[in-house]
Amino acid sequence: MTREDARILVVDDNEDNRFTLSRRLKKNGYRQLETAVNGIDALAKIRSQPFDLVLLDIMMPEMDGYEVLETVKKDESLRHIPIIMISAADELESVVKCIELGAEDFLPKPFNATLLRARVSASLEKKQLRDQEEAYRAQILAEQKRTDELLHAIIPATAVRELKETGVVRPRNYEGVGILFCDIVGFTAYCDRNLPETVVAHLQALIEAFEAIVEDHQMEKIKTIGDAFMATSGLLRPVEAPLLTAVRCGLEMSRIAGTMEPNWEVRIGLHFGPVVAGIVGKQQFLFDVWGDTVNIAARLVEHGTPGAVAMTAAAWEEIKEECDSRALGVIDIKGKGQLDVVEAFAIR
């Protein structure tokens, strides 16, 4: 802050004092000066425009310097403004009271030019340092918020809390987890027919819609792989019926996809069982899940019908009273052999 930039308010009911202080401040290079004739006038100006320093007389009619000082220091939006109290040399007790109320410094009457220059300069330097500190603090908070947003974009919220509290996310075995995979039908051909900007915009809208649906069902998005979307039910959040919840979520995803440009069709595969979950990677780490349950769900998505959720007959047995479904028969699943597959197409 240069002297020409500093905004200073001189408050004194005595016109001679206002003139003397303003003239000496101008001689010292301060150009942006305002004056106030009493405490009420001073508060009105302090509230209506920014100041870097206030020179405030103690003894004034209507509202004295104590009241102005106390009012400013109680106001969260104004208390950062440094205030130098103006007092007669024999008002030492008054000066002490002002310092206790939050005044930055004091100037005795009659005014000494050297002391005035030193105390105004010191107060403005401290104000500048406080402003810089506040700016750095705001920058740090903004960076922390951005980091937090990035963490939540990569890791489920529960894992983020554990990472913040302990510094790690401990790998664990989880029982009874629903694994859902969703894949867009004909996505490669769609990419070949459309501009990259169009593809990304439409895919972004769809993924955001899927994320909202997953959140509504208290599930966790794990990742997207190309046009494939993966989510879990009952992994990090307690869900009363993880498998049925995942079916509900999958059917809603399929429904909403058909309403979005370019009227997507999606296939959904689902399996239910134990998994291992944890964070892998160093430079670009990722929260992920592994196990036979994941592999089967990923294979089943290839055999699903748009608008339905494909699952093994064994999984379907757990929710058959809750869903309308149809048998797809015994299907040869890569790496798993032949599995009896059913798909749910409605919740009863």
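Quick notes on the rules
- Residues numbered from 1 in each chain as written.
- Predicted model: local features only at pLDDT ≥ 70, side-chain atom pairs only at ≥ 80, totals over all residues.
- Heavy atoms only, no water.
- Helix = DSSP H or I, 4+ residues; strand = E, 2+ residues; numbered from the N terminus.
- Buried < 20%, exposed > 50% of the residue type's maximum accessible area, 1.4 Å probe, protein only.
- Contact = heavy atoms within 4.5 Å.
- Polar contact = N/O pair within 3.5 Å; in protein donor to acceptor, adjacent residues only side chain to side chain.
- Core = buried A, V, L, I, M, F, W, Y, C linked by side-chain atoms within 4.5 Å.
- Arc of directions from axis to C-beta.
- Pairing = 2+ DSSP bridges.
- Axes fitted to C-alpha atoms, helices over the stretch in contact; angles between N-to-C directions.
- Phe/Tyr/Trp six-rings, centres within 6.5 Å; stacked < 30°, edge-to-face > 60°.
- Salt bridge = Lys/Arg side-chain N within 4 Å of Asp/Glu carboxyl O.

S.K.: Can you help me understand the environment of glutamate 220 in this one?
M.R.: Mapped onto the fold, glutamate 220 is located in strand E7 (residues 220-225). Glutamate 220 sits in the buried class, given a relative accessible area of 4%. Glutamate 220 sits 15 residues away from leucine 235 along the chain, and the two C-alpha atoms are 7.6 Å apart. Apart from residues no more than four positions distant in its own chain, glutamate 220 is found in contact with Pro156, Val214, Met230, Ala231, Thr232, Ser233, Gly234, Leu235, Leu236 and Arg237. At 2.9 Å, the side chain of glutamate 220 and the backbone nitrogen of leucine 236 are in polar contact. At a separation of 2.8 Å, a polar atom in the side chain of glutamate 220 contacts the main-chain amide nitrogen of arginine 237.

S.K.: Please explain the nonpolar core as it appears in this structure.
M.R.: Across soluble globular proteins, you tend to see nonpolar side chains buried next to one another. Phe210, Met253 and Met311 are the most contacted members of the largest nonpolar core, which totals 39 residues. Among the elements that make up this core, the one with the highest residue count is helix H9 (residues 242-259) (nine residues). If sequence neighbours within four positions are ignored, phenylalanine 210 has contacts with Cys182, Phe229, Met253, Ile256, Ala257 and Val266.

S.K.: Would you mind going over helix H4 (residues 92-101) with me for this structure?
M.R.: Because the α-helix completes a turn every 3.6 residues, residues three or four places apart line up on one side. Every buried residue of H4 is listed here: Ser94, Val95 and Cys98. An end-on view of H4 places all buried positions within 100 degrees of arc, on one side of the element. Seen from the buried face of H4, the exposed residues on the opposite side, beyond 90 degrees, are Leu92, Glu93 and Glu100. Of the surrounding elements, those touching the buried residues of H4 are helix H3 (65-74), strand E4 (83-88) and strand E5 (105-109).

S.K.: Looking at this model, I keep getting lost on the sheet that holds E5. Mind explaining?
M.R.: By definition, the strands of a sheet pair up through backbone hydrogen bonds, in either a parallel or an antiparallel sense. A sheet is described by the order of its strands in space; here five strands give the open sequence E2-E1-E3-E4-E5, paired in parallel fashion. Because the sheet does not close on itself, it has two edges, and the strands there are strand E2 (32-36) and E5. The sheet shows a mean angle of 20 degrees between the axes of neighbouring strands, direction not considered. Pairing geometry for E4 and E5, over five bridges, is parallel. Residue pairing for E5: methionine 85 is matched across the bridge by phenylalanine 106. In the packing of helix H1 (residues 15-27) onto the sheet, the strands contacted are strand E1 (7-11), E2, strand E3 (53-57), E4 and E5, and the crossing angle to E2 comes to about 170 degrees. Together, E1, E2 and E3 form the strand contacts of helix H2 (residues 39-48), whose direction differs from that of E2 by roughly 145 degrees.

S.K.: Help me out: how do you make sense of the pairing of strand E13 (residues 337-347) in this one?
M.R.: Along any regular strand the residues' side chains alternate between the sheet's two faces. Pairing analysis gives four bridges linking strand E11 (residues 309-312) to E13, with the strands arranged antiparallel. Paired with valine 309 across the two strands is alanine 344, which belongs to E13. Bridge count for strand E12 (residues 323-333) against E13 is 10 bridges, and the pairing is antiparallel. In the strand pairing of E13, valine 330 is matched with aspartate 340.

S.K.: Looking at this structure, how should I read the packing of aromatic side chains?
M.R.: To describe a pair of aromatic rings, you give the distance between the ring centres and the angle between the ring planes. Per the counting criterion, the structure on display carries four aromatic pairs. Their ring planes at 35 degrees and their centres at 6.1 Å tell us that phenylalanine 187 and tryptophan 264 sit as a pair that is tilted. You can see phenylalanine 187 sitting in helix H7 (residues 187-193) and its partner tryptophan 264 sitting in the loop between H9 and strand E9 (266-280), a full 77 residues away along the chain. Taking relative accessible area as the criterion, phenylalanine 187 reaches 12% and is therefore assigned buried. For the ring pair tyrosine 190 and tryptophan 264, a centre distance of 4.9 Å and an interplane angle of 70 degrees mean the geometry is edge-to-face. With tyrosine 190 in helix H7 and tryptophan 264 in the loop between H9 and E9, the pair connects residues that are 74 residues apart, well separated along the chain. The residues tyrosine 190 and tryptophan 264 share a single accessibility class, namely buried.

S.K.: I'm lost on the pattern of salt bridges in this one. Help?
M.R.: Where side chains of opposite charge bring their charged atoms close, a pairing between them can arise. For the structure shown, the criterion picks out 21 salt bridges. Across the salt bridge formed by aspartate 105 and arginine 119, the nearest N and O atoms sit 3.8 Å from each other. Here aspartate 105, found in strand E5, pairs with arginine 119, found in helix H5 (residues 113-154); they are 14 residues apart in sequence, far enough to count as distant. Its salt-bridge partner being arginine 137, residue glutamate 134 comes within 2.6 Å of it at the nearest N-O pair. With a gap of three residues between them, glutamate 134 and arginine 137 both fall in helix H5, about one helical turn apart. Each of the salt bridges in this network shares a partner with another, and the network as a whole consists of Asp12, Asp57 and Lys109.

S.K.: Help me understand unusual backbone geometry, please; the structure alone is not making it clear to me.
M.R.: Most peptide bonds take the trans form, and the phi angle of most residues other than glycine is negative. Here the bond from lysine 109 into proline 110 is cis, since omega is -5 degrees, no more than 30 degrees from zero. Take proline 110: it is sitting in the loop between E5 and H5. For the bond from glutamate 261 to proline 262, the omega torsion is 10 degrees, close enough to zero to count as cis. By the element assignment, proline 262 lies in the loop between H9 and E9. Positive phi is not limited to glycine here, since glutamate 62 has a value of about 70 degrees. Positive phi is not limited to glycine here, since glutamine 218 has a value of about 60 degrees.

So far we have only geometry, and geometry alone does not tell us how the molecule works.
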